[in-house]
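Chain by chain, the residues run as shown.
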Amino acid sequence: MRVDVLGVGFDNMTMAEAVDAAAELLRADGAHYVVTPNPEIVEVCREQPQAMAAVNGADLVLPDGVGVVKGAAMLGTPLKEKTPGIEFAGHLMERMASEGKSLYLLGAKPGVAEEAGRRLTARYPGLKLAGTHDGYFQDDGPVVEDIRRSGADCVFVCLGAPKQELWMAKNGAATGARLLCGLGGSLDVFAGRVERAPEFWSKHGLEWFYRLCKEPRRIGRMMKLPLFLVHVKQEKRRRK
C-alpha cells in the first residue's frame, strides 16, 4: 500500500528495500520506471494532472527529501525514511556493477553526461556505460532509438521534473531498457559540476537551504516548500 501525500502515492520503504525492489525490476521482463518526488514536485503534480498520472504510474515512488517525510508524518501516515534520488542511484549502481549491468545517461548540458559516465565507471568497476545523450533535444525519436540500440539495462533520465516523469511514462517501453530512473540534476553532481550539500546539512534536513545559498536563483522554486506545508496542514484538517 502506498502512502498518500497530497495525491502522490509514496512507496513506504527503507533505502535498502528500495534498492532491492529496483534490482528486482531490472531482472523482470518489460519496462519499469522510478520517480523520486520532493515537495516541489508534489506541488507540480497538484497543478498538472498529467504529471500526477505519470508520477503515480511509476513502479517505485520514493520520497526525495525530509519535506515529504515530515508531510507524511503530519498526516498521520509516516514513511520509514527519506530516500534521496542521488543516494538511491549510488546504491543501485553498486548493485548493477556487481551484476555487470549497463547504464545509459540522459540529460544535462552537452558534455556533462559523458563526464559523469567516465567518473561513474571509474567509481563502480563492473558498471558498463551503454551510452549518453544531453538533455537538449526536440525530438524524442532519435534519443529513444539510440537507447534501444545501446542495449542499456537501465537509463538515468535527468531532464528535470515533470519533463522526465512524462518522458519515462511515454517512452519507457520503446527504449528497450528494463528500468528508467528520473533523477533531476544528478548528472551535474556525478560529473563534478555541482557539489552536494555536506553531511551535516543533509542529516538535518537542510540540503534545500544549502542549495539555495549556493544558487539564490532557485528562490522561486523553493517557495513551493512552504506552500507544500500549507497544503499538508489543510489536508490534515480535512481528514479529521
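As shown above, the structure is provided for reference.
From a predicted model like this one, the values you see are computed outputs, not experimental measurements.

Thresholds, definitions, all that
- Residues numbered from 1 in each chain as written.
- Predicted model: local features only at pLDDT ≥ 70, side-chain atom pairs only at ≥ 80, totals over all residues.
- Heavy atoms only, no water.
- 1 Å grid on protein atoms, 1.4 Å probe; cavity = no way out; pocket = protein on both sides within 12 Å on 5 of 7 lines; lining within 4 Å.
- Points joined across faces, edges and corners; volume = space filled by probe spheres on them.
- Helix = DSSP H or I, 4+ residues; strand = E, 2+ residues; numbered from the N terminus.
- Nonpolar A, V, L, I, M, F, W, Y, C, P; charged D, E, K, R; others polar.
- Pairing = 2+ DSSP bridges.
- Salt bridge = Lys/Arg side-chain N within 4 Å of Asp/Glu carboxyl O.
- Buried < 20%, exposed > 50% of the residue type's maximum accessible area, 1.4 Å probe, protein only.
- Contact = heavy atoms within 4.5 Å.
- Polar contact = N/O pair within 3.5 Å; in protein donor to acceptor, adjacent residues only side chain to side chain.
- Patch = residues over 30% accessible without salt bridge, like charges linked within 9 Å, V, L, I, M, F, W, Y side chains within 5 Å.
- Areas by Shrake-Rupley, 256 points an atom, 1.4 Å probe, with all protein chains shown as cover.
- Lys, Arg positive; Asp, Glu negative; His and termini not counted.
- Charge placed at Lys NZ, Arg CZ, Asp CG, Glu CD.
- Axes fitted to C-alpha atoms, helices over the stretch in contact; angles between N-to-C directions.
- Parallel < 35°, antiparallel > 145°, perpendicular 65-115°, else oblique.
- Left-handed = near helix turned anticlockwise from the far one by under 90°.
- Disulfide = S-S within 2.5 Å.

Sizing a probe to match a water molecule and rolling it over the atoms shows the empty space that remains. Estimates place the volume of the second largest pocket at around 250 Å³. Around the second largest pocket, the lining comprises twelve residues; the ones closest to its centre are Ile-86, Gly-90, Arg-123, Tyr-124 and Phe-190. If you list the elements that add at least two residues to the lining of the second largest pocket, you get helix 5 (85-98), helix 6 (112-123) and helix 9 (186-190). With five residues, the top contributor of residues to the lining of the second largest pocket is helix 5. Tallied by class, the residues present in the lining of the second largest pocket amount to five nonpolar, two polar and five charged.

For the rest of this paragraph, the subject is the sheet that holds strand 8 (residues 179-182). Taken in spatial order, the six strands line up as 4-3-8-7-5-6 in an open sheet, and their pairing is parallel. The strands lining the two open edges of the sheet, one partner per strand, are strand 4 (60-61) and strand 6 (128-133). Pairing of strand 3 (residues 32-35) with strand 8, which is carried by three bridges, proceeds in the parallel orientation. In the strand pairing of strand 8, Val-34 is matched with Cys-181.

This part is about the pattern of salt bridges. On inspection of all chains with the given rule, the structure shows 15 salt bridges. With a closest N to O distance of 3.2 Å, Arg-2 and Asp-11 form a salt bridge. Residue class for Arg-2 comes out partly exposed when judged on its relative accessible area of 31%. Here Asp-11 falls in the buried class, since its relative accessible area comes to 14%.

Attention now moves to the environment of Glu-165. Secondary-structure assignment places Glu-165 in helix 8 (residues 163-175). Note on Glu-165: relative accessible area 2%, which makes it buried. Residues Glu-165 and Thr-36, spaced 129 residues apart in sequence, show a C-alpha to C-alpha distance of 9.5 Å. With sequence-adjacent residues up to four places away left out, Glu-165 is seen in contact with Tyr-33, Val-35, Ile-41, Ala-54, Val-55 and Gly-160. At a separation of 3.1 Å, a polar atom in the side chain of Glu-165 contacts the side chain of Gln-164.

Once that is clear, we can look at the pairing of strand 2 (residues 8-11). By the alternation rule, side chains of strand 2 split into Val-8 and Phe-10 and Gly-9 and Asp-11, which are all buried. Of the pairings in the sheet, the one linking strand 1 (residues 2-5) to strand 2 comprises four bridges and is antiparallel in character. Bridging from a neighbouring strand, Val-3 pairs with Phe-10 of strand 2. Linking two consecutive strands that pair antiparallel, namely strand 1 and strand 2, is a turn of two residues; a positive phi of about 55° is found at Leu-6 within it.

Attention shifts here to a positive patch on the surface. Taken together, the side chains of Lys-233, Lys-236, Arg-237 and Lys-240 present a region of like positive charge at the surface. Looking at the element boundaries, Lys-236 is found in helix 13 (residues 224-239).

A few words on the packing of helix 7 (residues 140-150) against helix 8. Their axes nearest at 9 Å, the elements helix 7 and helix 8 cross at an angle of 45°. Considering their axes alone, helix 7 and helix 8 lie oblique with respect to each other. Remark: the crossing between helix 7 and helix 8 carries right-handed chirality. Contacts from Asp-140, Val-143, Val-144, Ile-147 and Arg-148 in helix 7 reach Trp-167, Lys-170, Asn-171, Ala-173, Ala-174 and Thr-175 in helix 8. Here the contact of helix 7 with helix 8 is composed, by residue class, of six nonpolar, two polar and three charged.

Within this structure, the stated rule accounts for zero disulfides. Between Cys-154, a cysteine without a disulfide, and Cys-181, which holds the nearest cysteine sulfur, the sulfur-to-sulfur distance is 4.2 Å. When its relative accessible area of 0% is taken as the criterion, Cys-154 is described as buried.

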